[in-house]
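# Report on the structure
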Amino acid sequence: MTDSLTVRDNRTGAEYEIPITDGTIKAADLGQIKLNDDEPGLATYDPGFVNTASCRSSITYIDGDKGILEYRGYPIEQLAEKSNFLEVAYLLIHGELPTKEQYENWVHEITFHTFVHENVKGFMQGFRYDAHPMGMLMASVGALSTFYPESRHIEDPDNRHIQIVRMIAKMPTLGAWSFRHAQGKPYIYPDNELSYAENFLSMLFKMSESKYAADPRIAKALDVLFILHADHEQNCSTNAVRSVGSSQVDPYSAVAAGIGALYGPLHGGANEAVLKMLRRIGTKDNIPAFIEGVKNGEERLMGFGHRVYKNYDPRAKIIKKACDDVFEVTGVNPLLEVAQELEKIALEDEYFVKRRLYPNVDFYSGLIYEALEFPPEMFTVLFAIGRTPGWLAQWLELTQDKEQKIARPKQIYTGARTLDFVPAEERWA
Ligand SMILES: CC(C)(COP(=O)(O)OP(=O)(O)OC[C@H]1O[C@@H](n2cnc3c(N)ncnc32)[C@H](O)[C@@H]1OP(=O)(O)O)[C@@H](O)C(=O)NCCC(=O)NCCS
């Protein structure tokens, strides 16, 4: 067997042999296929990169057909059950699990960089009273580049490390302050005696008590949700981080671009749509009519189906378990019953079975967030905090990848050519 592709150009009759590596051909190799030397060679057209690999990566593995998700080779189920978010963050960034000493240093570093410059607070307070927390988060992460101008020296490994620590550490502070802002409540400073999730909960919900003690079951569930969202290979926001990072800008600006991408409803907004759908269905009796409507193409069953997973999304299984833990504390969200019944019916229905539509990560996460009293605008902020180590691991990999170049796709030009410009005074005369 030869690992190559023989291509015959039927316009010229010429044949070309193109090497196949890792199940891909290099798009640049197609450039030699041309009608004559004056013309550009053949290119590929792939809006949305549905069949184009943009990088080599050793961070996250997904097998959508089998429903497998692994970070650095470790199955998501094991990490969610036996690890914690900061250890997973270390794994994603460094590529290996930490020794005891490395872990303790890492947790210490992250914990002691949770505070932001006081002017960041002043800056955030300047937002309108009803500012969307994702807009605030995106702007304030971007603004951090002005507080750490040395972050532009991305060639220096120590410098890269400290910016990564700062960003993972400060994201909950900025996320919680965005939440408090909309409520007109004072911003709460970080408490370095608390764990990552506990500190975040404290900054979100603390009022006059001298110390906020989160229920450990809630803190654990939040930590698990962060783990589940920590990376998902080359999705839209990660691609944004890599694309902007490829200009060699500082990591704050690159991650701010990722937050912008996540803000969009096609990316981070599906769990809110699930909640709206469940509320509209209301009770179990209304499910059959709703399913009929979906099957007739009137609408989609939100939280079902995925571009990559054609099997049960492994994260959805773990979230179902987290639901039980959270509801033990908060009381059961009445919509859970509707969601479970909906899932049961859909998994047995031929329409969904044939199309390989299974619950995805968003099917149950909205129910948990609602039980924790987060308004829907905050759901994506929680996603962004969890995704930060993934964005940074991908950015770090990019900065050290010799094959990477500035992201600069081609286009197929469809506009006019060589028009003669007539000055405005003549055109309008
Ligand atoms: C996620 C999603 C965009 C993936 O889309 P995709 O891979 O491009 O799949 P397609 O849109 O081509 O759908 C394939 C078929 O399944 C159907 N389908 C896909 N998702 C469906 C859903 N949630 N409910 C009902 N039908 C669905 C489509 O109508 C299509 O049917 P057809 O072949 O008869 O035309 C899609 O499944 C969806 O819209 N899901 C609901 C939104 C959601 O939960 N998003 C969060 C993703 S993490």
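Residues numbered from 1 in each chain as written. Predicted model: local features only at pLDDT ≥ 70, side-chain atom pairs only at ≥ 80, totals over all residues. Heavy atoms only, no water.

Selection criterion: UniProt positions are given in the numbering used here, feature names are shortened, and annotations may be inferred rather than shown by experiment.
As annotated in an unreviewed UniProt entry, the chain carries the name Citrate synthase and comes from Nocardioides ginsengisoli. Under the heading Pathway (unreviewed entry), UniProt records this for the chain: "Carbohydrate metabolism; tricarboxylic acid cycle; isocitrate from oxaloacetate: step 1/2." Per UniProt, the chain carries the Catalytic activity (unreviewed entry) text "oxaloacetate + acetyl-CoA + H2O = citrate + CoA + H(+)".

### A short note on the overall build of the chain
Quick reminder of the rule: Each helix corresponds to a stretch of at least 4 residues labelled H or I by DSSP, and each strand to a stretch of at least 2 residues labelled E; elements are numbered beginning at the N terminus. Partly exposed residues are those whose accessible area sits between 20% and 50% of the maximum for their type, while under 20% is buried and over 50% is exposed, using a 1.4 Å probe and protein chains only. Whether two residues are in contact is decided by their heavy atoms: any pair within 4.5 Å suffices. The accessible surface values rely on the Shrake-Rupley method and a 1.4 Å probe; as for residues, cover is taken only from the protein chains in view. For this count, His and the chain ends are skipped, Lys and Arg are scored as positive, and Asp and Glu as negative. Charged side chains are reduced to one point each, which is NZ for Lys, CZ for Arg, CG for Asp and CD for Glu.
The secondary structure content of the chain amounts to 18 helices and 5 strands. Its C-alpha atoms give the chain principal-axis dimensions of roughly 75 × 65 × 55 Å. For the chain, with 429 residues in total, the buried portion stands at 46%. For the chain, restricting intrachain contacts to residue pairs at least 6 apart in sequence, the fraction spanning at least 24 positions comes to 70%. Counting every atom, the chain has about 22,200 Å² of accessible surface; 52% of that belongs to carbon and sulfur. If you average the places of the 45 positive and of the 60 negative side-chain charges in the chain, the two averages end up 2 Å apart.

### Quick notes on the packing of aromatic side chains
To describe a pair of aromatic rings, you give the distance between the ring centres and the angle between the ring planes. Where we set the bar: In summary, the pairing rule links any two rings of Phe, Tyr or Trp, Trp by its six-membered ring, whose centres are within 6.5 Å, and it sorts them by plane angle into stacked for under 30 degrees, edge-to-face for over 60 and tilted for everything else. Here, a charge over a ring means that NZ of Lys or CZ of Arg falls within 6 Å of the ring centre while also lying within 35 degrees of the ring normal.
For the structure shown, the criterion picks out 19 aromatic pairs. An angle of 40 degrees between the planes, with centres 5.3 Å apart, marks the rings of Phe-85 and Tyr-196 as tilted. One end of the pair, Phe-85, is in helix α2 (residues 85-94); the other, Tyr-196, is in helix α7 (residues 196-205), with 111 residues separating them in the sequence. For Tyr-196, a relative accessible area of 10% gives the class buried. One Lys or Arg, Arg-355, reaches over the ring of Tyr-351 and ends 3.8 Å from the middle of that ring.

### Observations regarding the packing of helix α8 (residues 216-228) against helix α13 (residues 314-330)
Selection criterion: For every element, the axis is a line fit to its C-alpha atoms; helices are fit only across the contacting stretch, and the angle between N-to-C directions ranges from 0 to 180 degrees. Small angles under 35 degrees read as roughly parallel and large ones over 145 as roughly antiparallel, with 65 to 115 read as roughly perpendicular and the rest as oblique. For any pair of crossing helices, the crossing counts as left-handed if the nearer helix is rotated counterclockwise from the farther one by less than a right angle, and right-handed if it is rotated clockwise. Put simply, Ala, Val, Leu, Ile, Met, Phe, Trp, Tyr, Cys and Pro go in the nonpolar bin, Asp, Glu, Lys and Arg in the charged bin, and everything else, Gly too, in the polar bin.
For the pair α8 and α13, interaxial distance at closest approach is 9 Å and the crossing angle is 160 degrees. In terms of their interaxial angle, α8 and α13 are classed as roughly antiparallel. In this structure, α8 meets α13 at a crossing whose hand is left-handed. Mapping the contact onto sequence places Arg-217, Ile-218, Ala-221, Val-224, Leu-225 and Leu-228 in α8 and Arg-315, Ile-318, Ile-319, Asp-325, Val-326, Glu-328, Val-329 and Thr-330 in α13. Of the residues in the contact of α8 with α13, the class split is 9 nonpolar, 1 polar and 4 charged.

### Section: the pairing of strand β4 (residues 68-71)
Keep this limit in mind: The pairing criterion for strands is at least two bridges between them, as found by DSSP.
Taking every second residue as pointing to the same face, the buried face of β4 carries Leu-69 and Tyr-71, while none of Ile-68 and Glu-70 on the other face is buried. Alignment of strand β3 (residues 60-63) against β4, held across 4 bridges, turns out to be antiparallel. In the sheet register, Tyr-61 faces β4, and the bridge partner there is Glu-70. Summarising the sheet, β4 and strand β5 (residues 74-75) pair through 2 bridges and their orientation is antiparallel. Pairing of Tyr-71 across the sheet is with Tyr-74, part of β5. Connecting the antiparallel pair β4 and β5 is a turn made up of 2 residues, with Arg-72 showing a positive phi of about 50 degrees.

### A short note on the site of the ligand
The following threshold applies: Whether a residue is near a molecule or strand depends on its heavy atoms: if one lies within 4 Å, it is near. Here a polar contact means two N or O atoms within 3.5 Å. Within protein one must be a hydrogen donor candidate and the other an acceptor candidate, and residues neighboring in sequence count only if both atoms are side-chain atoms.
As a structural note, the neighbourhood of the ligand is formed by 16 residues, with Arg-300, Leu-301, Gly-303, Phe-304 and Arg-355 the closest of them. Arg-307 is positioned with one of its side-chain polar atoms (N or O) 3.3 Å from an oxygen atom of the ligand. If the ligand stood free it would expose 870 Å²; the protein chains cover 64% of that surface. Its residues assigned to classes, the shell around the ligand shows 7 nonpolar, 4 polar and 5 charged.

### Comments concerning α8
The cut-off we apply is this: To estimate how far a helix should extend, the number of its residues minus one is multiplied by 1.5 Å.
Here α8 contains 13 residues, and its C-alpha end-to-end distance of 18 Å stays within 8% of the 18 Å for a straight helix at 1.5 Å per residue. Of all 13 residues in α8, 10 are buried; the element is thus mostly enclosed. Sitting at the head of α8, Asp-215 places a side-chain oxygen 2.8 Å from the backbone nitrogen of Arg-217.

### Points about the packing of α2 against helix α6 (residues 157-183)
Viewed as axis vectors pointing N to C, α2 and α6 meet at an angle of 150 degrees, and their least axial separation amounts to 12 Å. One way to sum up the angle between α2 and α6 is to call them roughly antiparallel. α2 and α6 meet at a crossing whose hand is right-handed. Mapping the contact onto sequence places Leu-86, Ala-89, Ile-93 and His-94 in α2 and His-161, Ile-164 and Ile-168 in α6.

### Let's talk about the sheet that holds β5
Pairing is antiparallel in the open sheet, where 3 strands are placed in the order β3-β4-β5. Taken across any chain shown, the strands that pair with only one partner, and hence form the sheet edges, are β3 and β5.

### Overview of the nonpolar core
Counted only if it meets this: Here, nonpolar core means buried Ala, Val, Leu, Ile, Met, Phe, Trp, Tyr and Cys residues that are tied together by side-chain atoms lying within 4.5 Å of each other.
Counting residues in hydrophobic clusters, the biggest one holds 112 residues, and the most contacted among them are Tyr-71, Trp-106, Ile-168 and Leu-342. The greatest single-element share of this core, amounting to 13 residues, is contributed by helix α17 (residues 376-399).

### Remarks on the state of the cysteines
This is how it is decided: In what follows, a disulfide is any cysteine sulfur pair within 2.5 Å.
A full pass over the atoms with the stated rule returns 0 disulfides. Here Cys-55 stays unpaired: no disulfide links it, and the sulfur of Cys-236, its closest cysteine neighbor, is 14 Å away. Take Cys-55: its relative accessible area is 19%, and that puts it in the buried class.

### Here we look at helix α9 (residues 236-245)
Among the residues of α9, those classed as buried are Ser-237, Thr-238, Ala-240, Val-241, Arg-242 and Gly-245. On its buried face, α9 sits against α10 (251-263) and α17.

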